[in-house]
Amino acid sequence: LFEARFETNAGETVPVAVNATRIAYYGTDAILGVVRDISSQKAKQRQLEQTKEELEELNTRLQLALEETDTGVWSWDRPTDTVRWDETSDRLFGYDPGTFPGTFESFANRIPDDDLQQIEQQVDHAIETGEQYRAEFRVQPPEGDQRWIQARGVVRYDDTGDPKRLLGIQTDITDRKEREQTLQETKAELESSNEKLEQFAYVASHDLQEPLRMISSYMELLELELGDELDDEAQEYMEFAVDGADRMQAMIDGLLQYSRVQ
């Protein structure tokens, strides 16, 4: 049995499979052979090889994307309580490569109780609705710092509609959570600063404006009472005091307006 390429009467070259055997024919040796056109088989083989190459390329890209985003893959078979995941997930949960016991309990042991309760609720919701499973939770390895993980997955059901397994990905989002915490702290500091500014504005509104109004009132009273008796120098002093009071009032008004904008 061998393969060859034959040229047809139409001038086309086609792949063929040749199956030949030696036989005795009227006392002489002869070769009996069967030639079969395998063009369709070869086309399917080329298509399978191309598909295999495309899948290998896609798998390589996916692996690079997972490594770049610090993401691991996982699956959980519910009937057998078997959890399978990759070495990235081992690292995220503080297991040495290949040492993860492969059960939901060994996964749950690394998660705080309140976060674990949230995960179980999200799993139940995904099973009941068929929606995507999503959860963010903390992981505390026996050694090392606490991490934040975002998990996403889908539910697969058996022929009877019972949940068979969940499969998905889990990503380390610790850096994002730390940035969010920093932003929250910064926001709290700004809110505290705004409160202090409002308090200062209140003091400026009441404790500063009251004596300022008294100064302005006395200046107006003096000008009414002594206007004709004031010489040029005294009149200049009076105008200087009134102008200072007006500028102080404008500054206080600006401060109050700024505090309201904040």
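Calculation rules
- Residues numbered from 1 in each chain as written.
- Predicted model: local features only at pLDDT ≥ 70, side-chain atom pairs only at ≥ 80, totals over all residues.
- Heavy atoms only, no water.
- Pairing = 2+ DSSP bridges.
- Helix = DSSP H or I, 4+ residues; strand = E, 2+ residues; numbered from the N terminus.
- Axes fitted to C-alpha atoms, helices over the stretch in contact; angles between N-to-C directions.
- Contact = heavy atoms within 4.5 Å.
- pLDDT = per-residue confidence, 0-100.
- Salt bridge = Lys/Arg side-chain N within 4 Å of Asp/Glu carboxyl O.
- Buried < 20%, exposed > 50% of the residue type's maximum accessible area, 1.4 Å probe, protein only.
- Phe/Tyr/Trp six-rings, centres within 6.5 Å; stacked < 30°, edge-to-face > 60°.
- Polar contact = N/O pair within 3.5 Å; in protein donor to acceptor, adjacent residues only side chain to side chain.

## Remarks on the sheet that holds strand 4 (residues 71–77)
Strand pairs in the sheet, formed through backbone hydrogen bonds, run parallel or antiparallel to each other. Spatially, five strands are ordered 5-4-8-7-6 in an open sheet, and the strand pairing comes out antiparallel. Both edges of this open sheet fall to strand 5 (82–85) and strand 6 (133–139), since each of them pairs with a single strand only. For this sheet, the mean inter-axis angle between neighbouring strands, taken without regard to orientation, is 25°. The pairing of strand 7 (residues 147–157) with strand 8 (residues 163–172) spans nine bridges and is antiparallel. Paired with V155 across the strands is L166, a residue of strand 8. Packed onto the sheet, helix 4 (residues 113–129) meets strand 4, strand 6, strand 7 and strand 8 and runs at close to 165° relative to strand 6.

## Description of unusual backbone geometry
At D81, a position not held by glycine, the phi torsion is positive, near 55°. Structurally, the position occupied by D81 is in the loop between strand 4 and strand 5.

## Overview of the confidence of the model for the protein chain
Scored by pLDDT, the protein chain has a mean of 83; 93% of the residues are at 70 or more. Element-level pLDDT for the protein chain is lowest in helix 6 (residues 232–261), with a mean of 75, against a maximum mean of 95 in strand 6.

## Focus: the sheet that holds strand 2 (residues 13–25)
The antiparallel open sheet is built from three strands, whose spatial order is 1-2-3. Edge strands, defined here as strands with exactly one partner in the open sheet, are strand 1 (2–7) and strand 3 (28–37). Averaged over all pairs of adjacent strands, the angle between strand axes in this sheet comes to 45°, irrespective of strand direction. Across six bridges, strand 1 lies against strand 2 in antiparallel orientation. Opposite F2, over in strand 2, you have V18 as the bridge partner.

## Observations regarding the pattern of salt bridges
Inspection of every chain in the model, using the stated rule, returns ten salt bridges. Of the charged contacts, one joins R91 and D70 as a salt bridge, the two residues approaching to 2.4 Å between their closest N and O atoms. Here D70 lies in the loop between helix 1 (39–68) and strand 4 and R91 lies in helix 2 (residues 87–92), a separation of 21 residues in the sequence. Taking the shortest distance from any N to any O, the salt bridge between R138 and D114 comes out at 3.1 Å. Highlighted residues: R138 in strand 6 and D114 in helix 4, separated in sequence by 24 residues.

## Notes on the side chain of T174
Among the secondary structure elements, T174 is positioned in helix 5 (residues 174–226). Note on T174: relative accessible area 11%, which makes it buried. If we ignore the near neighbours within four places in the chain, the residues touching T174 are Q146, R147 and W148.

## Some remarks on the packing of aromatic side chains
Within this structure, the stated rule accounts for nine aromatic pairs. With 6.1 Å between their ring centres and 90° between their planes, W74 and Y133 make a pair best called edge-to-face. Linking W74 in strand 4 with Y133 in strand 6, this pair joins segments that are 59 residues apart in sequence. Of the two residues, W74 and Y133, both sit in the buried class.

## Brief notes about the environment of K177
As for its placement among the helices and strands, K177 is situated in helix 5. You can call K177 buried: its relative accessible area is 18%. Linking K177 and L197, residues 20 residues apart in sequence, is a C-alpha distance of 30 Å. Beyond its immediate chain neighbours, meaning those up to four positions away, K177 contacts E136 and W148. A polar side-chain atom of K177 sits 3.0 Å from a polar atom in the side chain of E136.

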